[in-house]
Amino acid sequence: MNKKIKCVLLLFVILISLCSLQYLLFCKNDKKNFPEVKLKEIKNSKSFAIMILNKNGDGYEEYVGNEWPNDKYKFKEAKCINNNGSLVKNAITFDDETRKATLTTNHTVYCTLYFDKSTLGILRDNDPNKVLSNEEVGGMYRYQGVGKEEAIDDTHKLVDNNYICFGTHIMDECLNGKDKYMYRIIGITELGNLKLIKKSELIDNGNKLFVWSKISDYISCENDKCEWPNTILFKRINGLSGGITSGSGNVQNNGDTDIFVNSNEYQYMTEESEWYNLIENHEWMYGDVDYTTANTILNEDVVYGAQNDGLTLYNIETGKIPTQIYDYLQGKYVKYQWSENKIVNAKIGLMYLYDYYLAYDNTKNYYSNYDTNSWLHYFNNVGNSFIPEWSMTRNGYSLAGDYPSYYTGYYISWDGSVSGKDRLYAEVFVRPTFYLLSNIKISGKGTIDNPYLINV
């Protein structure tokens, strides 16, 4: 049943906020003394309609709350008619970020706003263990908990509801090809962008181990040659390596194949595919994090390192607080802060250190107190060797550890620990990470046997 809102002003704009409507009356550009009208007053006056998707997902029902529909709902459309029963097009626009609707018309109109269940709403409906954070944690709502039942305790629940298929719309194809099509959801941003990570490691012509960079010593790495956008791994996962694989499987050109975008193994990731175009071009900040300390005083400034909790790591890896690096030319540690000067726009990245830490909880220090309980931890082996996994974070120039005087990067070890001691040309697992566009729609339950499917 439609309720009505009558607009009799020659020109006006109604802004609908979370809990109230404010009428802005434009008269000679004078914007003062605007009256405030509560949403419940508008609704009780039988002059306004909000319809939300019903529980079965096959129709709409009247929204009866006195506050604006929360972020579990996403605006679909508004339908407005005039006194003659004719549709008034484009009468209402809606801003998902501010959750404000703007109605502009010189007609008397009667409007109904329709809301579908948002992606966040679907995730929450399929979250019986309540492992998707209620508040933003490290820039998004994150799945936090353990990956195995024996690790469950009073504060850590099992995360088994964030599986999603990517690369196919067909459930059986996904279930029968988990190594190719199965991903997991790290979290969702406030704007509705899902952040995915591949469930298992990348494979390229049978090879599962990849270097971060082919060079690692100071001289070879001059002029930022060993920073993330210039590394061979960045290029290989983003389809920029320049390698060409012939029909016989032999690699031509520079000997490096593309191992994700434009690869032979993951055909759904060609640049022309619908799947590739569902991935957001994201601004990835990159830099170094010191691993020698939790925090220390450097020239009267407090600087922080990897021996911290995930929220501290998030602040380091987003440039909010400083860390330190060893400056080869000065022969000493200097203050270092991640910066917008070092951002690369790309489809594909890897997980940050904070992604790994925060997948367990907000307080775990995976540098010194490690285990394999986090749901994000990946364990596999090649032959009799237990293999770690690359992150996107570099330690910088190292003076300590097993390989001094080299640039080293962070990886997640088979035992759950975080190490920043290995040279960039160590060969380890790689699991690509990316953000989806916010307008995708999903269905399913998110379990390993009934993962989410993306409706393209």
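To be clear, the structure that these remarks concern was listed above.
Parameters and conventions
Residues numbered from 1 in each chain as written. Predicted model: local features only at pLDDT ≥ 70, side-chain atom pairs only at ≥ 80, totals over all residues. Heavy atoms only, no water. Pairing = 2+ DSSP bridges. Helix = DSSP H or I, 4+ residues; strand = E, 2+ residues; numbered from the N terminus. Axes fitted to C-alpha atoms, helices over the stretch in contact; angles between N-to-C directions. Buried < 20%, exposed > 50% of the residue type's maximum accessible area, 1.4 Å probe, protein only. Contact = heavy atoms within 4.5 Å. Core = buried A, V, L, I, M, F, W, Y, C linked by side-chain atoms within 4.5 Å. Lys, Arg positive; Asp, Glu negative; His and termini not counted. Salt bridge = Lys/Arg side-chain N within 4 Å of Asp/Glu carboxyl O. Polar contact = N/O pair within 3.5 Å; in protein donor to acceptor, adjacent residues only side chain to side chain. 1 Å grid on protein atoms, 1.4 Å probe; cavity = no way out; pocket = protein on both sides within 12 Å on 5 of 7 lines; lining within 4 Å. Points joined across faces, edges and corners; volume = space filled by probe spheres on them. Nonpolar A, V, L, I, M, F, W, Y, C, P; charged D, E, K, R; others polar. Patch = residues over 30% accessible without salt bridge, like charges linked within 9 Å, V, L, I, M, F, W, Y side chains within 5 Å. Areas by Shrake-Rupley, 256 points an atom, 1.4 Å probe, with all protein chains shown as cover. Disulfide = S-S within 2.5 Å. Phe/Tyr/Trp six-rings, centres within 6.5 Å; stacked < 30°, edge-to-face > 60°.

Draft legend 1. Broad picture of the sheet that holds strand E9 (residues 109-117). Pairing is mixed in the open sheet, where four strands are placed in the order E5-E4-E9-E6. Pairing within the sheet leaves two strands with one partner each, and these edge strands are strand E5 (60-62) and strand E6 (73-82). Taken over all neighbouring pairs, the strand axes of this sheet differ in orientation by 25° on average, direction set aside. Sheet topology note: the E6/E9 ladder contains nine bridges and is antiparallel.

Draft legend 2. A look at the environment of Phe 234. When you line up the elements, Phe 234 lands in helix H5 (residues 232-237). Using a relative accessible area of 5% as the deciding quantity, one classes Phe 234 as buried. Taking C-alpha positions, Phe 234 is 7.8 Å from Trp 212, a pair spaced 22 residues apart along the chain. Among residues more than four places away in sequence, those in contact with Phe 234 are Trp 228, Pro 229, Leu 240, Val 344 and Ala 346.

Draft legend 3. Up close: the nonpolar core. Among the nonpolar cores identified, the biggest contains 103 residues, and Phe 166, Leu 194, Trp 228, Leu 233, Ile 237, Phe 260 and Met 269 are the most heavily contacted of them. Among all residues touching Met 269, those that are not within four sequence positions of it are Phe 166, Phe 260, Val 261, Asn 262, Tyr 276, Ile 279 and Ile 348.

Draft legend 4. Region of interest: the side chain of Lys 198. Within the element layout of this structure, Lys 198 appears in strand E13 (residues 194-198). The side chain of Lys 198 is buried and forms no salt bridge, while Asp 179, the nearest opposite charge, is found at 6.0 Å. Looking at Lys 198, its side chain comes within polar contact range of the main-chain oxygen of Asp 179, at 2.3 Å. At a separation of 3.4 Å, a polar atom in the side chain of Lys 198 contacts the main-chain carbonyl oxygen of Ser 200. Apart from residues lying up to four places away in sequence, Lys 198 is in contact with Asp 179, Lys 180, Met 182, Tyr 183, Tyr 266, Arg 431 and Pro 432.

Draft legend 5. Region of interest: empty space enclosed by the protein. Considering all chains together, one arrives at three cavities of 30 Å³ or more under this definition. If you add up the space inside the largest cavity, you get close to 60 Å³. Forming the boundary of the largest cavity are 13 residues, of which Asp 290, Tyr 333, Asn 395, Tyr 397 and Ser 398 lie nearest the centre. The greatest single-element share of the lining of the largest cavity, amounting to four residues, is contributed by strand E24 (residues 389-398). In the lining of the largest cavity, the residues fall into seven nonpolar, five polar and one charged.

Draft legend 6. A look at the layout of surface pockets. Reported here for the largest pocket is a volume of approximately 780 Å³. Forming the walls of the largest pocket are 36 residues, and the residues nearest its centre are Asp 71, Tyr 73, Lys 74, Arg 99 and Ser 118. Listed by contribution, the elements that provide at least two residues to the lining of the largest pocket are E6, E9, helix H2 (119-125) and strand E28 (441-443). Per-element tally for the lining of the largest pocket: the top contributor is E6, with four residues. Along the lines of polarity and charge, the residues of the lining of the largest pocket split into 14 nonpolar, 10 polar and 12 charged. Within this model, the second largest pocket holds a volume of roughly 560 Å³.

Draft legend 7. Broad picture of unusual backbone geometry. A positive phi angle, near 55°, is found at Asn 90, a position not held by glycine. Using a relative accessible area of 74% as the deciding quantity, one classes Asn 90 as exposed. One non-glycine residue, Asn 299, lies in positive phi territory at about 50°. Along the chain, Asn 299 turns up in the loop between strand E17 (295-298) and strand E18 (301-304).

Draft legend 8. A look at the side chain of Thr 168. Among the structural elements, Thr 168 can be located in the loop between strand E11 (163-165) and helix H3 (171-176). Overall, the relative accessible area of 3% leaves Thr 168 in the buried class. Within the local environment of Thr 168, its side chain forms a polar contact with the side chain of Glu 173, the two groups lying 2.6 Å apart. Setting aside its immediate chain neighbours within four residues, Thr 168 contacts Glu 173, Cys 174, Tyr 181, Trp 275 and Leu 453.

Draft legend 9. Structural view of a nonpolar patch on the surface. Judged by side-chain polarity, Phe 379, Phe 386 and Trp 414 come together as a nonpolar surface patch covering roughly 320 Å² of accessible area. Mapped onto the elements of the fold, Phe 386 is located in strand E23 (residues 385-386). The class for Phe 386 is partly exposed, based on a relative accessible area of 43%.

Draft legend 10. Focus on the state of the cysteines. Tallied over the full model, the rule gives three disulfides. Put simply, Cys 80 and Cys 111 are joined by a disulfide, and their sulfur atoms are 2.1 Å apart. On the sign convention where negative is left-handed, the bridge of Cys 80 and Cys 111, at about 115° about the S-S bond, is right-handed. Here the residue Cys 80 occupies a position in strand E6, and Cys 111 occupies one in strand E9, the gap between them amounting to 31 residues. Residue Cys 80 shares its accessibility class with Cys 111, and that shared class is buried.

Draft legend 11. Just the packing of aromatic side chains, in detail. Evaluation of the coordinates by the stated rule reveals 35 aromatic pairs. On the basis of an interplanar angle of 70° and a centroid distance of 5.1 Å, the ring pair of Phe 166 and Trp 275 is categorised as edge-to-face. Taken as a pair, Phe 166 in the loop between E11 and H3 and Trp 275 in the loop between strand E15 (251-252) and strand E16 (282-285) lie far apart in primary sequence, 109 residues in all. Here Phe 166 and Trp 275 have matching classes, each one buried. When the ring of Tyr 218 is compared with that of Tyr 328, the centres are 4.0 Å apart and the planes differ by 25°; the resulting orientation is stacked. Here Tyr 218, found in the loop between E13 and H5, pairs with Tyr 328, found in the loop between strand E19 (323-327) and strand E20 (332-336); they are 110 residues apart in sequence, far enough to count as distant.

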